[in-house]
Amino acid sequence: MSKHSDSQDLAAPVLEAPALEVRGLVKDFHSGGLFSQSKVRALGGVDLSIGRGEIVALVGESGSGKSTLARCIARLERPTAGQILLDGTDVLKRDRFQASREYRAQVQMVFQDPFGSLNPVHRIEHFLTRSLTLHGKAGTPDQLRTRLDELMTTVGLTPDMLNSYPHELSGGQRQRVAIARALAVEPEVILADEPTSMLDVSVRIGILNLLRALRDGKGISMLYITHDLASARYLADRIAVMFAGELVEEGESLDLLANPAHPYTRLLVSAVPDPARTGSYDPSERAELRAAVMEPASCDYDGDPQQRCSSAEPVRHQVGDPADRHWVRCHLYRPPAAASSHALATDPLEEVVSA
Ligand SMILES: Nc1ncnc2c1ncn2[C@@H]1O[C@H](COP(=O)(O)OP(=O)(O)OP(=O)(O)O)[C@@H](O)[C@H]1O
């Protein structure tokens, strides 16, 4: 059991170098018109790493900065400051203005909307062939045919669907095509931004299982973005919690959900439908947690008279066993014995993800 400490020097286990790492990533958006000086700080200095073959879920409520982080990593947005390291190389330094083709092949993004990401005038074969050709992986016509068929079967579709148009497929099948398109370039990392949120509940678990199979079979590292803790728990090895553009807690999925240490994480956990708590759900508990965390500069959770977040950034505190790599950033963190527990009693996934 760790003790409360103001030190950032945590006793982390020595691990293999991560596949992808961001350090101090800041993103400001200008707001209020062309001549306005005002800005929105969407990311306030994010540090996050994804190990090889690891699935990290990034969770947080709408507007917390999840998509901005993924878009910065995919280099669809230019970060204001910070580093993005792929296999230890600082890619922002190497390719300052736009990502190289090599980087785009290594880091692929799958978007939330499988309807919007496929141009309706093209057949499925077009999307996959284009990716393969752009990245020099098409080969001879025979090799291309084999590769296309393989991609379709890998994502659970049949090769005859290559002749279909997007509107002839279901939402789940379209998302599988989007995943096949990402796979075509043989990426090292996939950034999946709410890949199931626009799909029928009945097909969500199939997409999650596909992502897991790709990690297991091909060793692809993934950042899985969601506001749904139940699916994060189902899929991810680790969960990172984002609040107002900052990571406030991170840990092994089961440990973090069983022992949430930050008031915001507890708020999220309390929102997961939990069959074991049906009937005893206490709305005032949620209201109290929400009030405590919605004003991060003056968080009075547990009554912090000093309101330290407004004058100093909270440092990271290790939570529990160092092997769990569980940390929290909160001035009010106390070791678990003194904190209240909001553990998920049973697996709510049956209720939330599957039909
Ligand atoms: N292009 C933009 N211009 C100005 N502000 C932006 C832009 N994109 C994002 N923001 C702001 O940055 C913050 C983070 O937004 P972001 O979309 O990353 O959050 P999110 O957690 O992904 O939310 P959601 O789950 O709703 O997608 C928000 O305050 C948002 O309004």
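About the thresholds
- Residues numbered from 1 in each chain as written.
- Predicted model: local features only at pLDDT ≥ 70, side-chain atom pairs only at ≥ 80, totals over all residues.
- Heavy atoms only, no water.
- Helix = DSSP H or I, 4+ residues; strand = E, 2+ residues; numbered from the N terminus.
- Buried < 20%, exposed > 50% of the residue type's maximum accessible area, 1.4 Å probe, protein only.
- Contact = heavy atoms within 4.5 Å.
- Areas by Shrake-Rupley, 256 points an atom, 1.4 Å probe, with all protein chains shown as cover.
- Near = heavy atom within 4 Å.
- Polar contact = N/O pair within 3.5 Å; in protein donor to acceptor, adjacent residues only side chain to side chain.
- Core = buried A, V, L, I, M, F, W, Y, C linked by side-chain atoms within 4.5 Å.
- Domains from an automatic or database assignment.
- Buried area = accessible area lost by both parts, 1.4 Å probe.
- Salt bridge = Lys/Arg side-chain N within 4 Å of Asp/Glu carboxyl O.
- Nonpolar A, V, L, I, M, F, W, Y, C, P; charged D, E, K, R; others polar.

Turning our eyes to something else, we now look at the overall build of the chain. From N to C terminus, the chain includes 12 helices and 12 strands. Every one of the 355 residues in the chain was classed for burial, and the buried ones make up 48%. Counted over contacts in the chain with a minimum sequence separation of 6, partners at least 24 positions apart contribute 69%. For the chain, the exposed surface amounts to about 16,600 Å²; the carbon and sulfur share of it is 50%.

Quick look at the site of the ligand now. Neighbouring the ligand are F29, V40, A42, E61, S62, G63, S64, G65, K66, S67, T68 and E194. G63 has a polar backbone atom sitting 2.8 Å from an oxygen atom of the ligand. The separation between an oxygen atom of the ligand and a polar main-chain atom of G65 is 3.0 Å. Protein coverage of the free-state accessible area of the ligand, which is 630 Å², stands at 60%.

One broad trend across soluble globular proteins is that nonpolar side chains are buried collectively. In this structure, V59, I179, L183, I239 and V241 are the most contacted members of the largest nonpolar core, which totals 50 residues. Among the domains, domain 1 (20–29 + 39–244) and domain 2 (251–272 + 282–333) are the pair contributing at least three residues each to this core. Setting aside its immediate chain neighbours within four residues, V59 contacts K66, T226, L229, A232, I239, A240, V241, M242 and L268. Membership of the second largest hydrophobic core comes to 31 residues, among which are A70, L92, Y103 and M109.

The domains assigned to the chain are domain 1 (20–29 + 39–244) and domain 2 (251–272 + 282–333). Counting residues at the interface gives 16 residues for domain 1, matched by 18 residues for domain 2. Both faces considered, domain 1 and domain 2 share a buried interface measuring about 1,500 Å² in area, 63% of it formed by carbon and sulfur atoms. Ranking the residues of domain 1 by area buried against domain 2 places E61, L229 and F243 at the top, with a combined share of 43%. A salt bridge links E54 to R325, with the shortest nitrogen-to-oxygen separation between them at 3.3 Å. Joining domain 1 to domain 2, the criterion identifies 6 residue pairs in polar contact (both at pLDDT 80 or more). Those elements that provide at least two residues to the side of domain 1 that touches domain 2 are helix 8 (229–235) and strand 9 (238–243). Classifying every residue of the side of domain 1 that touches domain 2 by side-chain character gives 9 nonpolar, 1 polar and 6 charged.

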